[in-house]
Amino acid sequence: MSEKANDHATIKISKVVNDIFELRSSISSEDFIQTLPSVVCEALGVEICLIWKKSSPQRYLSICSFAGDVDEDYQETELDIMHPAISSILKKETFFLADISNIASVRLSDFQKITDRGWRSLLCATLKTSTDIFGMLEIFTTEMRYFEDWEIEVFKIFSQFACQAFREIKLINSKKAFRDLNQSMLNIMTTTSTKDDVFKLLLRGAMDSVGCPYGIVSCLNSVTGMLDVMHQDGYPKYISKLKLGEGISGTALIQEKSINVLDIESSKWNKAYVEGWEDTRSELAIPILIDNVPIRVGKEINKNGKKRIGVLNLESPKPSAFSEEDIERLEVMTRCAAIRLESIELNRKHAKLRGIERAINRSKDQDEFMEILAKGIHEILGFKWVNISFVNFERTIIKSEYVVGLSKRKAQEFKAEAKHSLESEDIQSCIVKNKKIEVPRLGDKRFDRSIFRKYGHEKLVRGYIPIIELLSSQVIGTIEVGYQREYVPYIYEQDIQILKNFVDDAARVLERSKSMLIDTITHECIAPIVSIRSNASFSQRHISQLSYDRLTLKYNDILTDCDLLLHQINQIEYAFGRQPRQKPKFMETVVFRDVVIKTVYPIISGLRFPSSNIQYNRSDSNRIVVYTDKALLNQVVYNIVINSIKYCEPDRSTFRLVLGVDEDAKTFTIKFQDWGIGINRKHQKYIFDQGFRSPEAKAKNINGSGLGLFISKKIMHQLGGDLRLFNGAKPTEFHLILPKILERVN
């Protein structure tokens, strides 16, 4: 080329650079990309100019702007960048063909479209940096043409400006996406108070972030393994109920990694896909996880666990709808949501456990106490398996007492089999001896293999927590918990610590309940001891005057009181795990004659009250005949009468007790009326609570433990009846209600 030609080319290039620079400075990057094809056509004198933009970093190029006669059909064209021909072009800076019609293999996917439109020559430049490919800048001519060097140089300059514009667009979009991501995370962390709120915001933020029309967010049920749909958007044809490991969502969660399906129809995921929207072409499933969760392995704490919470699933009718940037952004968002969900769940567990602790404090006996404890651990902490075992120090064994996770029949079988010597190497015995929390591995040799196989324990990951008495530091039992290994592969340290604190609180309640049981038994032993002494003393003083029948009656009374003492001893044995609870001994009883009158008169005479202070209709003596436990009912009557005497007016001569009988179709009611100090209306609802004593009683220095009415009501429930306060004013009136049946009542 001559010097003059060089100067001419330089002038043209300089003018193009100045013009393009001025244009670039005056409009936005997006507008520049839309305007550039027209500028290229004018500067180079070509008929067609196209800018192709990569829709996804992995798959397709589509036309984002053009100049010239480009019909709608060609505007919809997509080029597969994985195609060898396209891939080869993208590796080059520029690519030129003088006559497209002679080389059909260059663009197989759109060759026919190009030739049909009469396009003859092609000049193409790849829009790329060292790290990114943004697309292509192409020009076509309708006549065969060879471009001069300066024209190719100008074309390269155009492509450089286009590439710079795409870089700026990406940066702007990245900044906007970052701002949107920050706002979404801020909303999730600060404006949500329930799990439902978090799932709703996560789905909305994710769909807005990627411009996706369809979405579902699911939560893993750790007991059933089901992915419970929390929210969905986009009106699916139907929502399938998936299990962990099923479909693309379930697979992403069990593999604990995101799955981006570019094209459902042509990928390996076609068979795994479970249809939700009938026009879906691409799907993105992102597991909602917490990384680096502390877990217990053996006796040690390991920080390499992951916690599965759920799945975010997005679908689109477009192939390759989701980019790597989308995945990275949404993974950050789901982890933020996972942290907030875990925080809400932790607060829920603590609140629920406080409620269980209150229920345990109100429990009436060890059976109810342990039932509440086991049920609370199962329902609140989500453990599929709960086994509470206690040590019998007299027999030197540890035995299962309370089980959740088996049918009633299987639970009875398990409890009969799950007992081990404290000297054995069974895992339960080791926990008692070592006093350590432990999560044994699946193949641990300390498991009882017969129980392990029979009850499917190979499917569980289990942890053991010792129950330690705080005063003695002695292990009195263990709590064994377990998850379905397939759904929850670890015992998380957080749950271990929550459970340990719960168990420690339960141990304190257990100690306190034993102490209160001793108080209760002490209280309950007074009545039979007083009665035995009274009957024995009376018999001794009048033995020569007593008839055989009268003496037999006295001896029967003594035997009844002995039964009551034996019942209290059984309560002690039961509390310390040495004997099962003794059930009431039901027998045919003439209640008014053999219990009420028999109990009332010895008390009255022993306290030197005139017998005339007791009033009743003698025709009622033989009226009530039912099956009941005579000794326990005697205890109830004793407590009612003693309260009448303790809370009488200071002038003892005014003491009066009126007994009566009512009946209806189903019950007998024995009424006790006295004219003592009465019960304040605002305290009446508390009088059957354990340990309650009214301020009036305390002010008058009346001795008492607050146990009598609590124990009496509990006994009446055991007997199938009830004890109620009918009137708290004068006369104070209690009703002792018995079922009118001649059969055993449990």
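To keep things clear, this report deals only with the structure shown in the data block. (Residues numbered from 1 in each chain as written. Predicted model: local features only at pLDDT ≥ 70, side-chain atom pairs only at ≥ 80, totals over all residues. Heavy atoms only, no water.)

Considerations on the packing of aromatic side chains
Working step 1: Evaluation of the coordinates by the stated rule reveals 16 aromatic pairs.
Working step 2: With centroids separated by 5.8 Å and ring planes inclined at 80°, the aromatic side chains of Phe96 and Phe147 adopt a geometry described as edge-to-face. Of this pair, Phe96 sits in strand E4 (residues 94–97) while Phe147 is found in the loop between strand E6 (133–141) and helix H6 (149–190), placing the two residues 51 residues apart along the sequence.
Working step 3: Note on Phe96: relative accessible area 32%, which makes it partly exposed.
Working step 4: The exposure class assigned to Phe147 is buried, which follows from its relative accessible area of 10%.
Working step 5: Geometrically, the ring pair formed by Phe447 and Phe452 is stacked, given 5.3 Å between the ring centres and 25° between the ring planes. Of the two residues, Phe447 and Phe452, neither departs from the other in class, the shared state being buried.
Working step 6: Members of the aromatic cluster, joined through ring pairs, are Trp52, Tyr74, Trp119 and Phe140.
Working step 7: Here Lys713 stacks its cationic end above the ring of Phe688, 4.5 Å away from the centre of that ring. (Phe/Tyr/Trp six-rings, centres within 6.5 Å; stacked < 30°, edge-to-face > 60°. Helix = DSSP H or I, 4+ residues; strand = E, 2+ residues; numbered from the N terminus. Buried < 20%, exposed > 50% of the residue type's maximum accessible area, 1.4 Å probe, protein only. Lys NZ or Arg CZ within 6 Å of the ring centre and 35° of its normal.)

What to know about the sheet that holds E6
Working step 1: What the six strands build is an open sheet, ordered E3-E2-E1-E6-E5-E4; its pairing is antiparallel. What marks the edges here is a single partner per strand, and that holds for strand E3 (78–80) and E4. On average, adjacent strands in this sheet sit at an angle of 25° to one another, irrespective of strand direction.
Working step 2: The sheet contacts of helix H2 (residues 29–44) involve strand E1 (48–54), strand E2 (60–67) and E6, and relative to E2 the element is tilted by about 60°. (Pairing = 2+ DSSP bridges. Axes fitted to C-alpha atoms, helices over the stretch in contact; angles between N-to-C directions. Contact = heavy atoms within 4.5 Å.)

A few points about the nonpolar core
Working step 1: Residues Leu314, Leu373, Ile377, Phe383, Ile388 and Leu499 are the most contacted members of the largest nonpolar core, which totals 86 residues.
Working step 2: Per-element accounting of this core gives the leading share, 12 residues, to helix H9 (residues 324–362).
Working step 3: If sequence neighbours within four positions are ignored, Ile388 has contacts with Met370, Leu373, Ala374, Lys399, Ser400, Glu401, Tyr402, Ile467, Thr478 and Ile479.
Working step 4: Counting residues in each nonpolar core, the second largest holds 44 residues, with Val661, Phe672, Leu709 and Phe734 among its members. (Core = buried A, V, L, I, M, F, W, Y, C linked by side-chain atoms within 4.5 Å.)

Observations concerning the pattern of salt bridges
Working step 1: Summed over the entire model, instances satisfying the criterion amount to 31 salt bridges.
Working step 2: Of the charged contacts, one joins Lys299 and Glu438 as a salt bridge, the two residues approaching to 3.7 Å between their closest N and O atoms. Placement of Lys299 in the loop between strand E11 (282–297) and strand E12 (300–316) and of Glu438 in the loop between helix H12 (427–434) and helix H13 (449–454) is noted, with a sequence separation of 139 residues between them.
Working step 3: By relative accessible area, Lys299 is classed as partly exposed at 40%.
Working step 4: Residues Asp722 and Arg724 are paired through a salt bridge, measuring 3.0 Å at the closest nitrogen-oxygen approach.
Working step 5: If you follow the salt bridges from partner to partner, you end up with Lys299, Glu438, Asp444 and Arg446 in one network. (Salt bridge = Lys/Arg side-chain N within 4 Å of Asp/Glu carboxyl O.)

So, to be careful, I would describe these as geometric facts and stop short of saying anything about function.
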